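Okay, here's what each chain looks like letter by letter:
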Amino acid sequence: MQSPFASIARDALFERLARGHAGGLAILTPNRRLASALARDYDDSRAAAGLAAWESADILPWASFVERLWDEALHAPGTGEQPLLLAPDEEAAIWEAVVADSRQAKDVFSAASTARLCREAWKLVHAWRLRPAREDANEDAMAFAEWSSRYERRTREGRFVDAARLPDALAPLLRDEGLTRPATLVLYAFDLITPQMRDLLEAAAGSGAEVLSCGPPRHKAVPVRLPLASPAEEIAAAARWARARLEAAESRGAAVRIGVVVPDLAQSRRVVERVFAATLHPGFNAPGGRTPPRAFELSLGRPLSDYAIVRDALLLLQLSGREIAFNDASRLLRSPFLAEGESEMAVRARLDAELRRRSGVTLTLDRLVDHLGTPRMPRAPVLANRLAQLAKFRRSDLFAARTPAQWARAFAEALRVVGFPGERSLDSVEFQVLGKWHETLAAFARLERVTGKIGFRDALGGLSRLATDTLFQPESPDVPVQVMGVLESAGLGFDHLWVLGLDDGAWPLPARPNPFLPIRAQRAAGVPEADAGSSLELDRRITGGWMCAAAEVIFSHPLARGEAETSPSPLIAVISPAGPDVQGRVPAFSSWRDAIHAAPSVEHIADERGPELAGGAATGGTAIFRDQAACPFRAFSAHRLGSSAPEVPQPGLTPADRGSLLHAVLAAAWERLGDKGTLDSLGAGDLEEILTGAADAALERARRRRPDTLAGRFAALERARLVSTALAWLEYERGRGDFEVAATERKVTVEFGGISANVKLDRMDRLAAGGCAVIDYKTGEARVGAWLGERPDEPQLPMYALGTGEDVAVLAFARVKPGENAFKGLAREENLLPGTTLVSKDRSRLAAGYADWSQLREGWRRELDALGRAFAAGDARIDPKYGSNTCAGCAERLVCRVAESGLREGEDEGATDE
């Protein structure tokens, strides 16, 4: 866009800057990043001229310049008393209050989000001199008109001015001779000048100031277009290209500036940061390694609440409220930012693991303190004491209504009580973030200028939103690779520039008119992105700026996003696709993992066997044999090294919890019934009474173990489910022949291959036809094939059948599920139990090798002894039975090296359904 002011070349601009402050020259930029870059360029030019010292240039963003002038006007003689400037968070608080107190509040989903859109609309109204016609106003526009009228009245009554109206308030003051102002103003790299900006600049010119414009140097580049398979490949290619350009410059001993523009950086920041870190600094996250200074920087700051130290501070304050999600409480238990977090790190980790077995999905502070005082809990005395102090402080000081300043002091005191920010020295980033957190608390305290007394929930919610809305980028030294968004790239110059993501669905950006202003008014005023045409025109100018921003310019675009094919943006489609010479600019680099394996110093050690068990024997449960069958390393890690995955509290009851309750109810019922004859003699009402008592007893035992899980209406619903499910099963069992229940929940010790195992039986029946039936209740999947073949998946029932000394004639699953009740298993003879199959007649692949019951028992004995001997001998091979299917749900993946074996999905045999 053509500037209405006279222009000046950049070299001439730097010559005038060299006169120092006496020249009275100020350079204004669209954003802070460009101001910093331009100041750095000027400093480089002074150093190149052989100077050892010089006056710093007055270069600052437009918004900062306006605020500086206003601050000078407040203290200038003769300007009179002026309104106070509202901070952005104060503006937001007033807008939110206006929306919340309006008659439209009931129709607003979020007052905070609506207030944010209102602030944006208010800025547009003043920046672009919008005067919407009444006939263009829809319901949203009329609501905004009402809200803005109330907002204007509240700020007028409080003698406040906001950033949107500040240039208009400042313009008449420029004529006052007592106001100090630059003699020359230079607009640098402004692509758009709003009517409000133009009016203020014309007022400055009218008061005697010289107003000039200047643009960045233009490179004579030949842009190239590079199609790539996907957005992920674009990011990876850009990172490799940046590394190649950086290494080439380092080899020449030359400085270099490399730019990478990512239009959707706000959404893809984490991925971009990870890929660039792994490419430019291989092994940056290797355990025990030294973190190198980064060669790249991401322009877009992160929300302050995303930083660990601030996130933990907010979670601590949330814990002081009503309740907190267990995952958040778990994070706090392991946080280094609490008192003695480093000293008690190990015991707090054990405390977290134990608490996962006892807690529900939410925790209160008082409940957490009670848990910490439980005798069987690991002892973390400092943590327990600090949280107890916080609970006491909470009851006495955290629930009365108070002003934001009082809340800020209370929050700071609550954090002090728990020893925030911990004992260890903070690193540079943490130190800067902590400083910004203190600034944020202070900003929250200042809200008392515009807000009355509020309660704890509103106070914490307001502080959390403020921390989320505050973007923060820790200070870092100048780096050669800059990764930035579209707006941050404006006016910057580079040696090499890559712009990615320019497919037809992403560039030009879609129109984004403000919903509270009529689109016709926005279009007529020329508001950028008010409609498709203005968005296209803006992005056309931005693309043109990129084309001459560096000596080398690469535009890339994905050929597909997900399943959808894409084409290049029409703004770059005229550029011919890159040839082989351009493809060569993106070399391949070995990953950290590949580099390690390619190193000649790598030593290959066969590490498949641990020490034999002392004495050659051990005692454990059936899980030893099940895990040994699934994968020897799993068994070694879990049962020799004691590794186990931490539990994850679930809302309500897990499927395993429900199965255990049903087992307990059926066991108690058969303790009362005893045999088929008694079952047949009782009616449904009598059975329901027995089952109700059994369900109440089972739920009470479960409630004592996990009081946070079973209570009130939920317990009543679970009892009804247990009674109805068990009653339907007992009615199914009426169809069997005579039997006597010989045992329920019986534990026996068996031994195979030198390993003793404690086996718990759900139930064993004595059959009228002779022999016993061993029964295992199943509410989920039940596969008879899991008992058969090499390395049986579920060896529990075969172990019981071989180790009890009873005459076992039937092994069966009892499928206890409404509508699917049935037995499923294998039998020595026909007609012993409904749903079971004679071994000799089982035609499944796994049972084909057994001619009769005795051969089946011999096969079980052989397999179980082999598993026991292998475990006792220290077998720790990584040998998942079903390949990656076995590994998918394995709790030992953190300590297992299966990834090093090259095993991939699909290169394995799944479990049989037989």
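Residues numbered from 1 in each chain as written. Predicted model: local features only at pLDDT ≥ 70, side-chain atom pairs only at ≥ 80, totals over all residues. Heavy atoms only, no water.

### Considering the overall build of the protein
Cut-off, in case you're wondering: Starting at the N terminus, helices and strands are each numbered in turn, a helix being any DSSP run of H or I of at least four residues and a strand any DSSP run of E of at least two. Using a 1.4 Å probe on the protein chains alone, a residue whose accessible area is under 20% of its type maximum counts as buried, one over 50% counts as exposed, and one in between counts as partly exposed. Note on areas: these come from Shrake-Rupley sampling with a 1.4 Å probe, and a residue is covered only by the protein chains present in the view. In this tally, Asp and Glu contribute negative charge and Lys and Arg positive charge; neither His nor the terminal groups of the chain are included. By convention, the point assigned to a charge is CZ for Arg, NZ for Lys, CD for Glu and CG for Asp.
Secondary structure summary: the protein contains 31 helices and 26 strands in total. Principal axes of the C-alpha set define a box for the protein whose edges measure 115 × 65 × 55 Å. Counting over 914 residues, the protein shows a buried share of 47%. Of the roughly 43500 Å² of accessible surface on the protein, 51% is carried by carbon and sulfur atoms. Here the protein contributes 114 positively and 125 negatively charged side chains, and the mean placements of these two sets differ by 3 Å.

### Remarks on the nonpolar core
Condition: By nonpolar core we mean a set of buried residues, namely Ala, Val, Leu, Ile, Met, Phe, Trp, Tyr and Cys, connected to one another through side-chain atoms within 4.5 Å. The criterion used for residue contact is that any of the two residues' heavy atoms lie within 4.5 Å.
If you look at the biggest cluster of nonpolar residues, it comprises 85 residues, and the most contacted ones within it are Phe411, Phe420, Trp437 and Phe444. Residues contacting Phe420, with those up to four places away along its chain left out, are Ile309, Ala313, Leu316, Phe337, Leu415, Leu434 and Trp437. Counting 38 residues, the second-largest nonpolar core is a separate cluster that includes Ala694, Ala695, Val723 and Leu832.

### Regarding the pattern of salt bridges
The test is simple: We define a salt bridge as a side-chain nitrogen of Lys or Arg found within 4 Å of a carboxyl oxygen belonging to Asp or Glu.
The tally for this structure, following the rule as stated, stands at 62 salt bridges. Its salt-bridge partner being Arg245, residue Glu552 comes within 2.9 Å of it at the nearest N-O pair. Of this pair, Glu552 sits in strand S17 (residues 552-558) while Arg245 sits in helix H9 (residues 231-252), and the two are 307 residues apart along the sequence. With a shortest N-O distance of 2.7 Å, Arg828 and Asp807 are connected by a salt bridge. Of this pair, Arg828 sits in the loop between strand S25 (822-827) and strand S26 (836-838) while Asp807 sits in the loop between helix H29 (796-803) and strand S24 (808-815); the two residues are 21 residues apart in sequence, bridging distant segments of the chain. Taking relative accessible area as the criterion, Asp807 reaches 41% and is therefore assigned partly exposed. Put simply, Arg10, Asp41, Asp44 and Arg257 are held in one network by salt bridges that share partners.

### Regarding the sheet that holds strand S16 (residues 496-499)
Counted only if it meets this: Paired strands, in this sense, are two strands between which DSSP finds at least two bridges. Fitted lines through C-alpha atoms serve as axes, helices being fitted only where they are in contact, and the angles separating the N-to-C directions of these axes extend from 0 to 180 degrees.
Pairing in this open sheet of six strands is parallel, and the strands run S8-S17-S16-S9-S15-S10 from one edge to the other. Looking at strand neighbours, the two that pair on one side only are strand S8 (224-228) and strand S10 (296-298), the edges of this open sheet. Along the sheet, successive strands turn relative to each other by an average axial angle of 20°, direction set aside. In terms of strand pairing, S8 meets S17 through five bridges, oriented parallel. Each bridged residue has a counterpart across the sheet, and for Pro227 the counterpart in S17 is His557. Across the sheet, helix H20 (residues 532-547) lies against strand S9 (258-261), S16 and S17, angled at about 135° from S17, the strand it touches most.

### Points about unusual backbone geometry
With an omega dihedral of 10°, the bond running from Phe420 to Pro421 counts as a cis peptide bond. With respect to the helices and strands, the residue Pro421 is situated in the loop between helix H16 (404-417) and helix H17 (428-445). The peptide bond linking Trp507 to Pro508 adopts the cis configuration, its omega dihedral lying at 5°. By secondary structure assignment, the location of Pro508 is in the loop between S16 and helix H19 (519-525). In this structure, Ala189 takes a positive phi of about 60° despite not being glycine. As for its position among the elements, Ala189 is in the loop between strand S6 (184-188) and helix H8 (195-206). Judged by its relative accessible area of 15%, Ala189 falls in the buried class. Residue Glu340 is not a glycine yet carries a positive backbone phi of 55°. Within the fold, Glu340 resides in the loop between helix H12 (326-333) and helix H13 (345-358).

### Digging into the environment of Ala684
Residue position: Ala684 is located in helix H27 (residues 684-705). Take Ala684: its relative accessible area is 41%, and that puts it in the partly exposed class. Measuring from C-alpha to C-alpha, the distance between Ala684 and Glu91 comes to 69 Å, with 593 residues separating the pair along the chain. Ignoring sequence-local partners within four residues, the contact set of Ala684 consists of Leu727, Glu731 and Arg734.

### Quick notes on the packing of helix H1 (residues 10-17) against helix H2 (residues 32-48)
So the rule is basically this: The labels follow the angle: roughly parallel below 35 degrees, roughly antiparallel above 145, roughly perpendicular from 65 to 115, and oblique for the rest. Amino acids outside the nonpolar list (Ala, Val, Leu, Ile, Met, Phe, Trp, Tyr, Cys, Pro) and the charged list (Asp, Glu, Lys, Arg) are all regarded as polar, and Gly is one of them.
The N-to-C vectors of H1 and H2 enclose an angle of 75°; their axes lie 11 Å apart at closest approach. The angle between H1 and H2 falls in the class roughly perpendicular. Where H1 abuts H2, its residues Arg10, Phe14 and Leu17 lie against Leu38, Asp41, Tyr42 and Ser45. Among the residues making up the contact of H1 with H2, the classes are represented as four nonpolar, one polar and two charged.

### Regarding the state of the cysteines
Here is the rule: For this text, the term disulfide refers to a pair of cysteine sulfurs within 2.5 Å.
For the structure on display, the rule yields zero disulfides. Not part of a disulfide, Cys548 finds its nearest cysteine sulfur in Cys214, a span of 13 Å. The class of Cys548 is buried, set by a relative accessible area of 9%. Here Cys631 is not disulfide-linked; the sulfur of Cys896 is the nearest cysteine sulfur, at 6.0 Å.

### A short note on the packing of aromatic side chains
Rules: Within 6.5 Å between ring centres, the rings of Phe, Tyr and Trp (the latter by its six-membered ring) count as paired, and their orientation is classed by plane angle as stacked under 30 degrees, edge-to-face over 60, tilted in between. Think of it as a cone above the ring: NZ of Lys or CZ of Arg counts as a charge over the ring if it is within 6 Å of the ring centre and within 35 degrees of the ring normal.
Across all of its chains, the model carries 24 aromatic pairs by this definition. With a centroid separation of 5.9 Å and 65° between ring planes, the pair formed by Trp407 and Phe456 is classed as edge-to-face. Taken as a pair, Trp407 in helix H16 and Phe456 in helix H18 (residues 456-469) lie far apart in primary sequence, 49 residues in all. By relative accessible area, Trp407 is classed as buried at 0%. When its relative accessible area of 11% is taken as the criterion, Phe456 is described as buried. Across the ring face of Phe739, the terminal group of Arg736 is positioned such that the distance to the ring centre comes to 3.8 Å.

### Notes on the sheet that holds strand S3 (residues 59-61)
Spatial strand order, S1-S7-S6-S2-S3: five strands in an open sheet with parallel pairing. The sheet terminates laterally at strand S1 (6-7) and S3, the two strands that pair on one side only. Note: S1 against strand S7 (residues 210-214), two bridges, orientation parallel. When the sheet's bridge partners are listed, Ser7 is paired in S7 with Ser213. Against the sheet, H1 touches strand S2 (25-29), S6 and S7, its axis set at about 135° to S2. The sheet strands contacting H2 are S2, S3 and S6, and the helix crosses S3 at an angle near 170°.

### What about the pairing of S2?
Where burial is concerned, most of S2 is hidden: five out of the five residues are buried. Here S2 shows two buried faces, one formed by Leu25, Ile27 and Thr29 and the other by Ala26 and Leu28. Sheet topology note: the S2/S6 ladder contains four bridges and is parallel. Looking at the pairing, Ala26 lines up with Leu185 of S6. Direction of pairing for S2 relative to S3: parallel, over a ladder of three bridges. What sits directly across from Thr29, in S3, is Pro61.

### Some details on the side chain of Ser535
Along the chain, the position of Ser535 falls in helix H20. Leaving out residues up to four positions away in the same chain, Ser535 has contacts with Pro508, Leu509, Pro510, Ala511 and Glu529.

### Considerations on the confidence of the model for the protein
What counts here: Every residue is assigned a pLDDT by the predictor, reflecting its confidence on a scale from 0 to 100.
Looking at the protein as a whole, its pLDDT mean stands at 88, while 93% of the residues score no less than 70. Confidence drops under a pLDDT of 50 for residues 904-914, and excluding neighbours within four residues, the segment shows 26 contacts in the predicted structure.

### Side note on H8
Heads up, the rule is: In this scheme, a helix's expected span is set at 1.5 Å multiplied by one less than its residue total.
The end-to-end C-alpha separation of H8 is 16 Å, in line with the 16 Å expected for twelve residues at 1.5 Å each. Within H8, burial applies to Pro195, Gln196, Met197, Leu200, Leu201 and Ala204. Buried residues along H8 sit in contact with helix H3 (62-75), helix H5 (111-127), helix H7 (166-170), S6 and S7. Count one or two residues on from H8 and you reach Gly208, which has phi positive near 110°.

### Focus on helix H25 (residues 655-673)
The first and last C-alpha atoms of H25 sit 27 Å apart over 19 residues, in line with the 27 Å expected at 1.5 Å per residue. Buried within H25 are the following residues: Gly659, Leu661, Leu662, His663, Val665, Leu666, Ala667, Ala669, Trp670 and Leu673. Immediately beyond the C-terminal end of H25, within one or two residues, lies Gly674, with a positive phi of roughly 85°.

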